[in-house]
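Residue-level structure breakdown
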Amino acid sequence: MANWESMYKEKLRSREEICKEFEAGYKCVSNSQTAEPVGILDALVDYLAKNDIKGLEHYLLLPLKQQKYMDKESEPYLHHTAHFISGYDRAMIWEGYGDYMPSHYSRVPILWRDVLDGPDVYYCTVSPMDKHGYFSCGTSPDLSNVRRKAKKVLLEVNKTMPRAFGSFIHISEVTAFIENDEPITEVAAPPISDDEKKIGDLIAEQIPDGATIQLGIGGIPNAVAGGLMGKKDLGVHSEMFCDVMVPLTESGVITNERKNINRGKTVVTFSFGARSTYDFLDDNPGVEFLPVDYVNNPFVIAQNDNVMSINSCMEIDLFGQVCSESQGPMNFSGSGGQVDFIRGAAASKGGKSFMAFKSSAKKDTISKIKPVLTEGSVITTTRSDIDYVVTEQGIVKLMGLTASQRAKALISIAHPAFREELTKAAKDMHIIV
Ligand code: COA
């Protein structure tokens, strides 16, 4: 009989001991969000400073809490680069002691495998080992394939991480690990505004029974979910498992029975939300957490019919070009899986994608529909990729429209306070006559 328990004892380390696995100049890649190994990182920053070991690099998407490595004085020891920026690392990146590496989410593991030739360390938080010697990657196995190119695999075992299905790491693959039962981070769902409810209802009307849905972060996805309560046999193939998917599953709306691939299973690459969602995911064979190079691969997404992709943006211009990740030249978030899912939905039989946002920002002082994108804005989604655009003012389908028809359609769903100036700008640019 395999002796996984003795292997477990051999590889278990204290926080101080595991720090000795790291060397100057190491590149370290973590699974995302709740799977960031916060206990290891906390100890590591102190260890590196105490021993004056410099030049390590930490790569991650979307940290969910404030941590020591985000302090300016930690930077010479552990430099952070985000593949997707959150409210926690945005300041350090804007001030220049952190950095951002652009990539479609589906391609991040491929970057690490084929372009960057693997990291020195792959690390993440996992759930406790089972009797077969496996640790579940829990709520975020997104970059777990990167471990196959890493010199060392370091884990943080946490009892509060759900034992989710789909992605496991075996004790025999692990270099060393620590135990840390500090609760994984919960994130409260934002309240749904009246405008978001209108947007949600407009999108829900377009979603047929049996569709496979992708919902992202924020108020709009939650609002869409409200409008889905009367639907039948929905499937989920989505980057994120969000809180609202729990009631949709428990009420029998999500069955996954009409999917062509992964039939009967909700497929996602990460989740963060309420503790009750983590409890729902624990030991739940109905939800498969798979690496992002599978889940977000547009060729995989397209294998289901009627894929419905719902995303949001910062601004869109009258040509239909979308910026979702910067405020002018300032990196705000990341491209994430937006283009992965828009292209997957476009290639899916009956698929649709929705770019959904409130028509104005900053208390109605700024239109999110602009004549041209703000100078320096990063184009996340090109005009040739954009399909439906939705605001609280209405819904338009840009795919198949000419340049002037697109501009008119976009102006029709702009906030009324900006329609006149948008029309004038469109005329001045000779988009419309
Ligand atoms: N000009 C200036 N500021 C703007 C703006 C604009 N056109 N649009 C939004 N803002 C401001 C908001 O006022 C807000 O600022 P505040 O926090 O100071 O109030 C901030 O930018 C964020 O906007 P908000 O509308 O609250 O963002 P959100 O939480 O709905 O997220 C995106 C919107 C675009 C940032 C987010 O969807 C994203 O990062 N998308 C890219 C990745 C993606 O789509 N991934 C796939 C799905 S998981």
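Just so we're clear, the structure is a prediction, and the values are computed from it rather than from any experiment.

**Comments concerning the overall build of the protein**
- Along its length, the protein carries 14 helices and 26 strands.
- Against the compact-globule benchmark of 22 Å for 433 residues, the protein has a radius of gyration of 22 Å, which places it among compact chains.
- In terms of overall dimensions, the protein has a C-alpha envelope of 75 × 45 × 35 Å along the principal axes.
- Each of the 433 residues in the protein was classed as buried or not, and the buried ones make up 59%.
- Across the protein, contacts joining residues at least 24 apart in sequence account for 70% of those joining residues at least 6 apart.

**Quick word on helix α3 (residues 38–50)**
- Over its 13 residues, α3 extends 19 Å from the first C-alpha to the last, a length consistent with the 18 Å expected when each residue adds 1.5 Å.
- Taken together, the buried positions of α3 are Val38, Gly39, Ile40, Leu41, Ala43, Leu44, Val45, Tyr47 and Leu48.
- Of the surrounding secondary structure, the elements contacted by the buried residues of α3 are α2 (15–19), β2 (56–61), β3 (78–84), β5 (121–126), β7 (152–157) and β9 (176–179).

**Examining the side chain of aspartate 89**
- Structurally, aspartate 89 can be placed in the loop between β3 and α4 (90–94).
- One buried charge, aspartate 89, has no salt-bridge partner; the nearest side chain with opposite charge is arginine 90, at 6.4 Å.
- In terms of polar contacts, aspartate 89 uses its side chain to reach the side chain of histidine 80, at 2.8 Å.
- Within the structure, the side chain of aspartate 89 is placed 2.7 Å from the backbone nitrogen of serine 86, a separation counted as a polar contact.

**Some points on the sheet that holds strand β18 (residues 322–323)**
- A sheet is described by the order of its strands in space; here 3 strands give the open sequence β18-β17-β24, paired in mixed fashion. Looking at which strands have only one partner, the edges of the open sheet turn out to be β18 and β24 (369–370).
- Relative to β24, strand β17 (residues 315–317) runs parallel, the two sharing 2 bridges. Bridge assignment links aspartate 317 to a residue of β24, and that residue is lysine 370.

**Some thoughts on the layout of surface pockets**
- Reported here for the second largest pocket is a volume of approximately 200 Å³.
- Ala188, Ala189, Pro190, Ile217 and Gly218 are, among the 14 residues lining the second largest pocket, the residues nearest its centre.
- Grouping the constituent residues of the lining of the second largest pocket by class yields 9 nonpolar, 4 polar and 1 charged.

**Comments concerning the site of the ligand**
- In the vicinity of the ligand, 21 residues are found, and the nearest of them are Met314, Gln327, Ser333, Gln338 and Lys368.
- Between an oxygen atom of the ligand and a side-chain N or O atom of serine 333, the distance comes to 2.6 Å.
- For the ligand, an oxygen atom lies 3.0 Å from a polar atom in the side chain of lysine 362.
- Compared with its free state, where it exposes 970 Å², the ligand has 68% of that area covered by protein.
- In the shell around the ligand, the residues fall into 6 nonpolar, 11 polar and 4 charged.

**As for the pairing of β5**
- With 6 of its 6 residues buried, β5 lies for the most part within the structure.
- Residues Val121, Tyr123 and Thr125 of β5 are buried on one face, and the alternating residues Tyr122, Cys124 and Val126, pointing to the opposite face, are buried as well.
- Both strand β1 (residues 27–30) and β5 contribute to a ladder of 3 bridges, which runs parallel. Residue pairing in the sheet places valine 29 in a bridge with tyrosine 122 of β5.
- In the sheet, β5 pairs with β7 via 6 bridges, with the strands oriented parallel. Bridge assignment links cysteine 124 to a residue of β7, and that residue is leucine 155.

**Some thoughts on the domain arrangement of the protein**
- Partitioning the protein into domains gives domain 1 (4–179) and domain 2 (194–428).
- Each of domain 1 and domain 2 has a C-alpha centre, and the two are 29 Å apart.
- Here domain 1 packs against domain 2, burying approximately 2800 Å² in sum over the two surfaces, 59% of which is carbon and sulfur.
- By the criterion of area lost to domain 2, the three top residues of domain 1 are Trp94, Tyr105 and Phe165, representing 23% of everything that side buries.
- Where domain 1 touches domain 2, the interface holds 1 salt bridge.
- At the surface where domain 1 touches domain 2, the tally comes to 15 residue pairs in polar contact (both at pLDDT 80 or more).
- Those elements that provide at least two residues to the side of domain 1 that touches domain 2 are α4 and α5 (108–115).
- Of the residues assigned to the side of domain 1 that touches domain 2, the class counts are 14 nonpolar, 13 polar and 3 charged.

Conventions adopted
- Residues numbered from 1 in each chain as written.
- Predicted model: local features only at pLDDT ≥ 70, side-chain atom pairs only at ≥ 80, totals over all residues.
- Heavy atoms only, no water.
- Helix = DSSP H or I, 4+ residues; strand = E, 2+ residues; numbered from the N terminus.
- Rg over C-alpha atoms; globule rule 2.2 N^0.38 Å.
- Buried < 20%, exposed > 50% of the residue type's maximum accessible area, 1.4 Å probe, protein only.
- Contact = heavy atoms within 4.5 Å.
- Expected span 1.5 Å × (residues − 1).
- Lys, Arg positive; Asp, Glu negative; His and termini not counted.
- Salt bridge = Lys/Arg side-chain N within 4 Å of Asp/Glu carboxyl O.
- Polar contact = N/O pair within 3.5 Å; in protein donor to acceptor, adjacent residues only side chain to side chain.
- Pairing = 2+ DSSP bridges.
- 1 Å grid on protein atoms, 1.4 Å probe; cavity = no way out; pocket = protein on both sides within 12 Å on 5 of 7 lines; lining within 4 Å.
- Points joined across faces, edges and corners; volume = space filled by probe spheres on them.
- Nonpolar A, V, L, I, M, F, W, Y, C, P; charged D, E, K, R; others polar.
- Near = heavy atom within 4 Å.
- Areas by Shrake-Rupley, 256 points an atom, 1.4 Å probe, with all protein chains shown as cover.
- Domains from an automatic or database assignment.
- Buried area = accessible area lost by both parts, 1.4 Å probe.

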